[in-house]
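What the coordinates show
Here is how the chains run, residue by residue.
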Amino acid sequence: MSLLLDNQFAELPADKSVDTKTFLDNVSTLPPFFDCLGSKVFSIIKSDINGNITKIRAVYDQDPAKYVTLQDIVEAERETHKGQWPKVGATLALMWLKRGLRFIQVLLQSLADGDRDENNPNLIQVNITKAYEHALKKYHGWIVQKIFSAALIAAPYRSNFLKALSKGQEVKDEDCLANVRLFLVNYTPTVDAIYEMYSNLNAELDYTV
């Protein structure tokens, strides 16, 4: 069984609202994804995702009936925190979480699309770099960017990464990539919907860490 399909994301409703409980249950299965990338540097992203999930869940658990969707949480915090918003609470946690989720999405989509270094076709550095530049690089200062660049050296071979996604089972690369594409069917629209919500609510921040 594929790591990615352990808890498949559901299709969004027509209004693109993201159910909070379902979302949290789904994303809670994703941190082990970063173990497949080998380098301990990626454990920083894993830890960040785990921490942000915990922060969002803590707010949700205060009043599940009030916070049915992620937008319910963000809008409620806008009213509660006023001038401090959006750099506060679950709103800030979800802002960073969605970036980690975008990193996963772009990396997987790049693999599914067949992007590769023709001189080193069994390496995934080009895929990881594309994901990092698209999702995280602009929010990282020079030091963090250098640390990430160093982590690329320890990136696993493509075949080993796909095997890790398949939980160590001997699965043909194309079968694994078929699972990746299946996972992305509902995962990508979910991540897109969160980004769209942040844009519509003017909740996005561009500061670096």
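In the nomenclature of an unreviewed UniProt entry, the chain is known as Glycolipid transfer protein domain-containing protein of Poecilia mexicana. UniProt annotates the chain under Function (unreviewed entry) with the comment "Accelerates the intermembrane transfer of various glycolipids. Catalyzes the transfer of various glycosphingolipids between membranes but does not catalyze the transfer of phospholipids. May be involved in the intracellular translocation of glucosylceramides." According to the UniProt record, the Sequence similarities (unreviewed entry) comment for the chain is "Belongs to the GLTP family."

**Quick look at the pattern of salt bridges**
Within this structure, the stated rule accounts for 13 salt bridges. Here Lys82 and Glu79 are joined by a salt bridge, their closest N and O atoms 3.7 Å apart. On the basis of relative accessible area, Lys82 is assigned to the exposed category, the value being 54%. Residue classification places Glu79 among the partly exposed residues on the basis of a relative accessible area of 48%. One salt bridge connects Glu174 with Arg181, and the closest N-O pair in it is separated by 3.0 Å. The partly exposed category is assigned to Glu174, whose relative accessible area is 46%. Judged by its relative accessible area of 34%, Arg181 falls in the partly exposed class.

**Some thoughts on helix α8 (residues 173-200)**
With 28 residues, α8 extends 39 Å between its outermost C-alpha atoms, agreeing within 8% with the 40 Å of an ideal straight helix rising 1.5 Å per residue. Of the residues trailing α8, Asn202 is marked for its positive phi of about 55°.

**Some remarks on the packing of helix α4 (residues 89-112) against helix α5 (residues 125-135)**
Pairs of packed helices are described in terms of their axes, by the angle between the two and the distance that separates them. Between α4 and α5, whose axes approach to 8 Å, the crossing angle comes to 145°. Classified by chirality, the crossing of α5 by α4 is right-handed. Taken together, the residues of α5 that come into contact with α4 (itself represented by Arg99, Arg102, Phe103, Val106, Leu107, Ser110 and Leu111) are Asn127, Ile128, Lys130, Ala131, Tyr132, His134 and Ala135. Within the contact of α4 with α5, the residues separate by chemical class into eight nonpolar, three polar and three charged.

**Thoughts on the UniProt feature "domain: Glycolipid transfer protein" (unreviewed entry) in the chain**
According to UniProt, the "domain: Glycolipid transfer protein" (unreviewed entry) feature falls on residues 18-166. Along residues 18-166 one finds 63% helix and 0% strand; the C-alpha atoms at either end are 27 Å apart.

**Some remarks on the nonpolar core**
In terms of nonpolar packing, the biggest core is built from 70 residues, with Phe23, Phe33, Phe103 and Leu165 touching the most fellow members. At the level of elements, α1 (20-27), α2 (42-62), α3 (70-81), α4, α5, α6 (142-151), α7 (158-165) and α8 are the ones that each hand at least two residues to this core. For this core, the element with the most residues is α4, which contributes 15 residues.

**Considering unusual backbone geometry**
A cis amide bond, omega 10°, links Trp85 with the succeeding residue Pro86. With respect to the element layout, Pro86 can be found in the loop between α3 and α4. A positive phi angle, close to 50°, is found at Lys82, a residue other than glycine. Relative to the helices and strands, Lys82 is located in the loop between α3 and α4. With a phi close to 55°, Asn202 is a non-glycine residue in the positive phi region. The residue Asn202 is located in the segment after α8 in this model. Owing to a relative accessible area of 63%, Asn202 belongs among the exposed residues under this scheme.

Parameters and conventions
Within every chain, residues take consecutive numbers counted from 1 along the sequence as written. With the structure being a predicted model, the display of local features is reserved for residues of pLDDT at least 70 and the display and counting of side-chain atom pairs for 80 or more, all residues being used for whole-chain, interface and lining totals. Hydrogens and water are ignored here; the side-chain numbers use all heavy atoms of the structure. UniProt positions are given in the numbering used here, feature names are shortened, and annotations may be inferred rather than shown by experiment. In the sections that follow, a salt bridge refers to a side-chain nitrogen of Lys or Arg positioned within 4 Å of a carboxyl oxygen of Asp or Glu. Only protein chains enter the calculation, and the probe is 1.4 Å; a residue is then buried if its accessible area is under 20% of its type maximum, exposed if over 50%, and partly exposed in between. Only DSSP runs of H or I reaching four residues or more are called helices, and only runs of E reaching two or more are called strands; each is numbered from the N terminus. What a helix should span is 1.5 Å times the count of its residues minus one. The angle between two axes is taken between their N-to-C directions and runs from 0 to 180 degrees, where each axis is a line fitted to C-alpha atoms and a helix contributes only its stretch in contact. What makes a crossing left-handed is the near helix being turned counterclockwise from the far one by less than a right angle; a clockwise turn instead makes it right-handed. In this analysis, two residues are considered to be in contact whenever any of their non-hydrogen atoms come within 4.5 Å of each other. Amino acid classes used here: Ala, Val, Leu, Ile, Met, Phe, Trp, Tyr, Cys and Pro are nonpolar; Asp, Glu, Lys and Arg are charged; the rest, including Gly, are polar. Here, nonpolar core refers to any group of buried Ala, Val, Leu, Ile, Met, Phe, Trp, Tyr and Cys residues whose side-chain atoms link them within 4.5 Å.

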